[in-house]
Amino acid sequence: MGQFDRTLEYIDQLQHAGTAAAVCEKLLGITSDFGLTALMAGTVPQPGTPSGQQKQHVLLCDWPVEWLERYVARNYVDHDPVVSHMKQLQAPFQWREAAQGISFDKSSGEVMGDAGAFKLRDGLAFPLITLDGQIVMVSLGGEAVQLSAAEFGLVSLVSTYAVGRAMQLHTMATKTIDHIELTPRERECLQWAAVGKSEWEISQILGISEHTSEKHLLNAKSKLGAVNRVQAVAEAIRRGYIS
């Protein structure tokens, strides 16, 4: 089975989950094979938000309870290098990338050190936009994370789809999903992006300029309300534009 077929199989499992909790359970069942055993998703409170109000920003959580309590009590969100990195980098990344510069910041080092004590030594993180237009920070962690480049792409896409699906289930009872019309070229570009092709590779496949392929992807991302290419692909799959 090819990598993209495997991704679609996982997404089909997630699509059949009927509740946000079931989506999270199925997602962690998938990501645990790669060492990612815990999940947290939420909006980021403003700096200085009282700890008593910070939990209101948590949307999905399958995190060690003791770690969540310490994280909130010590106001780690203001010093977490993973959160800071997500604000600067819209694409998915591994925690270790955010941790590279923490030796100059004692507070950031404390956050990562304490996370390790709770068997959260590395992970994968990314932002996404909900149907309400909120930016949600998503983080999956574990003690022994093992991801090849191809597996990183698979887990990033599946996780993005899953969290978007869980957020959708939260609002389905009261909101409808607006119809979005993608052009044939936008769909084609997204389909090739879904299997990992770059803008240049897409331009060569479709016989268009790299600038044009980039423009089609940007237009599709904007229409789908996505903050990055991975979320755009996940949203296109959810809406049936990619199968």
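To be clear, the structure that these remarks concern was listed above.
Definitions and limits used
- Sequence order sets the numbering: in each chain, residues are counted from 1 along the sequence as written.
- The predicted nature of this model means local features are confined to residues of pLDDT at least 70 and side-chain atom pairs, given and counted, to a pLDDT of 80 or more, with totals for whole chains, interfaces and linings taken over all residues.
- Excluding hydrogens and water, the side-chain values take into account all heavy atoms of the structure.
- Two strands pair under a simple rule: DSSP has to find at least two bridges between them.
- A run of DSSP states H or I qualifies as a helix once it reaches four residues; a run of E qualifies as a strand once it reaches two. Both are numbered from the N-terminal end.
- Here, residues are in contact when the closest pair of their heavy atoms is within 4.5 Å.
- Only the contacting stretch of a helix is used when fitting its axis, a line to C-alpha atoms as for every element, and angles between N-to-C directions run 0 to 180 degrees.
- Should an angle fall under 35 degrees it is taken as roughly parallel, and over 145 as roughly antiparallel, whereas 65 to 115 is taken as roughly perpendicular and any remaining angle as oblique.
- Helix crossings are classified by the rotation of the near helix relative to the far one: an anticlockwise turn of less than a right angle makes the crossing left-handed, while a clockwise turn makes it right-handed.
- Here the term charged refers only to Asp, Glu, Lys and Arg, the term nonpolar to Ala, Val, Leu, Ile, Met, Phe, Trp, Tyr, Cys and Pro, and the term polar to all other amino acids, Gly among them.
- Take the buried Ala, Val, Leu, Ile, Met, Phe, Trp, Tyr and Cys residues and link them wherever side-chain atoms come within 4.5 Å; each set so joined is a nonpolar core.
- When a residue's accessible area, from a 1.4 Å probe over protein chains only, is under 20% of the maximum for its type it is buried; when over 50% it is exposed; and in between it is partly exposed.
- Where each domain starts and ends follows an automatic or database-derived domain assignment.

**Things to note about the sheet that holds strand β1 (residues 38-42)**
Link 1 in the chain: The five strands are arranged β2-β1-β5-β4-β3 in an open sheet whose pairing can be described as antiparallel. The open sheet terminates on both sides in strands that have one partner only, identified here as β2 (58-62) and β3 (93-94).
Link 2 in the chain: Against the sheet, helix α2 (residues 20-31) touches β1, β2 and β5 (135-142), its axis set at about 135 degrees to β1.

**What about the packing of helix α9 (residues 184-194) against helix α12 (residues 229-238)?**
Link 1 in the chain: Running from N to C, α9 and α12 cross one another at 110 degrees; their axes reach a closest spacing of 10 Å. On the basis of the axis angle, α9 is roughly perpendicular to α12. When you trace α9 past α12, the crossing you get is left-handed. Each of Leu190, Ala193 and Ala194 in α9 lies in contact with α12, whose residues at this interface are Arg229, Ala232, Val233 and Ala236.
Link 2 in the chain: Split by residue class, the contact of α9 with α12 holds six nonpolar, no polar and one charged.

**Comments concerning the nonpolar core**
Link 1 in the chain: Core analysis: the biggest nonpolar cluster contains 55 residues, and Val138, Leu140 and Leu190 have the highest contact counts within it.
Link 2 in the chain: It is helix α8 (residues 149-171) that contributes the most residues to this core, ten residues altogether.
Link 3 in the chain: When residues of this core are assigned to domains, at least three fall in each of domain 1 (1-172) and domain 2 (182-237).
Link 4 in the chain: Counting 21 residues, the second largest nonpolar core, distinct from the first, contains Trp63, Tyr71, Leu120 and Met137.

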